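Each chain is listed here by its residues.
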Amino acid sequence: MEEKSLWDQWVEEALSKLESLKLLRSLRPIYVSSNDNQSQLLGEDYEVFDEMQPWDRSSVEVSMSQTTFHRWLHDIPSSGDEYRDGVVNDESMTSSRQFKKLLLFSGNDYLGLSSHPTIGKAAAKAAREHGMGPRGSALICGYTNYHRLLESCLADLKKKEDCLLCPTGFAANMAVMVALGNIASLLAAGEKPLKDEKVAIFSDALNHASIIDGIHLAERTKRVEVFVYGHCDMSHLNSLLSSCTMKKKVVVTDSLFSMDGDFAPMIELVKLRKKYGFLLVLDDAHGTFVCGKDGGGVAEVFNCERDVDICVGTLSKAAGCHGGFIACSKRWKQFIQSRGRSFIFSTASTIPIAAAAHAAVIVAKKETWRRRAIWNRVRDFHALTGISISSPIISLIVGSEEKALQASRHLLKSGFHVTAIRPPTVPSNSCRFVAVSS
């Protein structure tokens, strides 16, 4: 049996404290009747394909009203008001000239699963049989056997004991960061944790906004101390860790960075984890289903799934659906579901969304050719342009906002939907295009 780490002991102590305070929360699935047999529930009857189909084009071909197109072309601010009741508010245009067709290069639908008929059918079938399902937070009445089945599939994918579904990936990261702060307050000797009793969180400088906002929220409660290390700079991280006297250390990082397209240095992080015993939290939003032979993500690629303590992911990108999840141990799941406010106080995903996401997990696992195709496109891009890229995220830094907007307009005129990324998403004078080679 594997020896318990200090973090295992701390989370167990925190759970015991919650239980003594009667603050431990449980998920109790509502069973929604289904006519499906066991093979259907396990996805064995889901239709999968061994090559690209005509409908795959719909995941990258989009239409835009001429009014919206011209507003974007001339950089006129818009809040979508050119549409009224879902109809283009421009009677002067004939129906044949009403829309502009564009090729979408700005989305995160890496595998094209958003247009997959098997996933759409799973959602439609669940909607016909159950409507949108019991509506409420997961801890009240929104958690069903559909949600539990999806959690089990995701836990298997990530090689973890269990999984907790969240309404979005943003909410998942917020829940983890806030829950970590609660460890300090629950285990403090006094009313408030002293400095040495706080949790030290070490965060990559280019982590996603959901991680940053979650850390800031935990920081405001005076339960955590935050240390930001240079982007993927393991020497800087090592220096910060070695000089930190706090026992409860956490390192959190994106696995694949959305604005730069580079990977976290997983091998070096694992070595530092063994040296310092910190809790490793990985946001694998852009790696899940895209990386690894089975789509298990970046940790699968580097063969370090057991070294990642908590893996946050999304169902809104490569899965082509909606929602977020936290793959972790059973102990961590119970703790986060009891203290992660963005999970506790959010309405659970609908049953059709859970059914669609479950189908997406099965399809993504079985249609391995989709992963091969996207990595072939990464190699093709390098061969055609000479630009070195390491992932399907192609980050092209232009510079000033004016240059980025000018280039975006040029691409728009040429029929390409590529949005200029500007501050505050990226620093000043590093405006860029982030395209996806899907």
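The structure displayed is predicted, hence computed values, not measured ones. (Residues numbered from 1 in each chain as written. Predicted model: local features only at pLDDT ≥ 70, side-chain atom pairs only at ≥ 80, totals over all residues. Heavy atoms only, no water.)

> Explain the overall build of the chain residue by residue, including any values.
The helix and strand inventory of the chain stands at 16 helices and 15 strands. C-alpha atoms of the chain, sized along the principal axes, occupy 70 × 55 × 40 Å. Residue pairs at least 24 apart in sequence account for 78% of intrachain contacts in the chain once pairs closer than 6 positions are excluded. Carbon and sulfur atoms make up 52% of the accessible area of the chain, which amounts to about 20900 Å² in all. (Helix = DSSP H or I, 4+ residues; strand = E, 2+ residues; numbered from the N terminus. Contact = heavy atoms within 4.5 Å. Areas by Shrake-Rupley, 256 points an atom, 1.4 Å probe, with all protein chains shown as cover.)

> Tell me what's going on with the pattern of salt bridges, and back it up with residues and numbers.
Taken as a whole, this structure holds 17 salt bridges when the rule is applied. We note a salt bridge from glutamate 151 to lysine 333, for which the minimum N-O separation is 3.0 Å. Placement of glutamate 151 in helix α6 (residues 145–157) and of lysine 333 in helix α12 (residues 330–339) is noted, with a sequence separation of 182 residues between them. For lysine 333, a relative accessible area of 6% puts it in the buried group. A salt bridge links lysine 333 to aspartate 162, with the nearest nitrogen and oxygen atoms 3.3 Å apart. (Salt bridge = Lys/Arg side-chain N within 4 Å of Asp/Glu carboxyl O. Buried < 20%, exposed > 50% of the residue type's maximum accessible area, 1.4 Å probe, protein only.)

> Give a description of the packing of aromatic side chains that names residues and reports values.
Taken as a whole, this structure holds seven aromatic pairs when the rule is applied. Seen from their ring centres, phenylalanine 105 and phenylalanine 416 are 5.7 Å apart, and the 70 degrees between their planes marks the pair as edge-to-face. With phenylalanine 105 in the loop between β4 (99–104) and α4 (117–130) and phenylalanine 416 in strand β13 (residues 416–417), the pair connects residues that are 311 residues apart, well separated along the chain. Aromatic pair tryptophan 332 and phenylalanine 335: ring centres 6.0 Å apart, planes at 85 degrees, arrangement edge-to-face. (Phe/Tyr/Trp six-rings, centres within 6.5 Å; stacked < 30°, edge-to-face > 60°.)

> Account for the nonpolar core, with residues named and values stated.
Counting residues in each nonpolar core, the largest one holds 72 residues, and the members touching the most others are Leu154, Phe202, Leu237, Val251, Phe289 and Leu315. At 11 residues, the largest contribution of residues to this core is made by helix α14 (residues 351–366). Apart from the residues lying within four places of it in its own chain, the contact partners of leucine 237 are Phe202, Tyr229, Val251, Leu269 and Leu272. If you look at the next biggest cluster of nonpolar residues, it comprises 41 residues, including Leu15, Leu139, Cys328 and Ala348. (Core = buried A, V, L, I, M, F, W, Y, C linked by side-chain atoms within 4.5 Å.)

> With reference to specific residues and values, describe the UniProt feature "transmembrane region" (unreviewed entry) in the chain.
The UniProt record marks residues 343–364 with the feature "transmembrane region" (unreviewed entry), using the residue numbering of this structure. Across residues 343–364 one finds 73% helix and 0% strand; the C-alpha atoms that close the span lie 26 Å apart. (UniProt positions renumbered as here; feature names shortened; annotations may be inferred.)

> Tell me about the pairing of strand β11 (residues 324–328), and name the residues and values.
Most of β11 is tucked away: five of the five residues are buried. The two faces of β11 match: Gly324, Ile326 and Cys328 on one face and Phe325 and Ala327 on the other face are all buried. In the sheet, strand β5 (residues 162–166) pairs with β11 via five bridges, with the strands oriented antiparallel. The residue of β11 that forms the bridge with leucine 164 is isoleucine 326. Pairing of strand β10 (residues 310–314) with β11, which is carried by four bridges, proceeds in the antiparallel orientation. Bridging across to β11, cysteine 311 finds its partner in alanine 327. (Pairing = 2+ DSSP bridges.)

> Go over helix α1 (residues 6–20) with me, naming the residues and quoting the values.
The end-to-end C-alpha separation of α1 is 21 Å, in line with the 21 Å expected for 15 residues at 1.5 Å each. Taken as a whole, α1 has its buried residues at Trp7, Asp8, Trp10, Val11, Ala14, Leu15 and Leu18. The buried residues of α1 occupy an angular sector of 165 degrees when projected down its axis, which confines them to one face. In this structure, α1 carries Glu19 and Ser20 as exposed residues pointing more than 90 degrees from its buried face. (Expected span 1.5 Å × (residues − 1). Arc of directions from axis to C-beta.)

> Pulling in residues and values, what's your account of the state of the cysteines?
Following the criterion strictly, the structure yields zero disulfides and no others. For cysteine 163, which is in no disulfide, the shortest distance to another cysteine sulfur is to cysteine 328 and amounts to 7.2 Å. (Disulfide = S-S within 2.5 Å.)

> Could you give me a rundown of the UniProt feature "domain: Aminotransferase class I/classII large" (unreviewed entry) in the chain, with the residues and numbers involved?
As annotated in UniProt, the feature "domain: Aminotransferase class I/classII large" (unreviewed entry) corresponds to residues 101–433 in the numbering used here. Helix makes up 45% of residues 101–433 and strand 17%, and the two end C-alpha atoms of the span are 20 Å apart.

> Got a sec to walk through the sheet that holds β11? Specific residues and values, please.
Read from one edge to the other, the open sheet built from seven strands follows the order β5-β11-β10-β9-β8-β6-β7, with strand pairing classed as mixed. Strands with a single pairing partner mark the edges of an open sheet, and in this sheet they are β5 and β7 (224–229). Adjacent strand axes in the sheet meet at a mean angle of 20 degrees, parallel and antiparallel pairs treated alike. Contacts from helix α8 (residues 209–220) reach β6 (199–204), β7, β8 (248–254) and β9 (279–283), with the element oriented near 145 degrees to β7. Each of β5, β9, β10 and β11 is contacted by α12, which is oriented at about 25 degrees to β5, the strand it contacts most. (Axes fitted to C-alpha atoms, helices over the stretch in contact; angles between N-to-C directions.)

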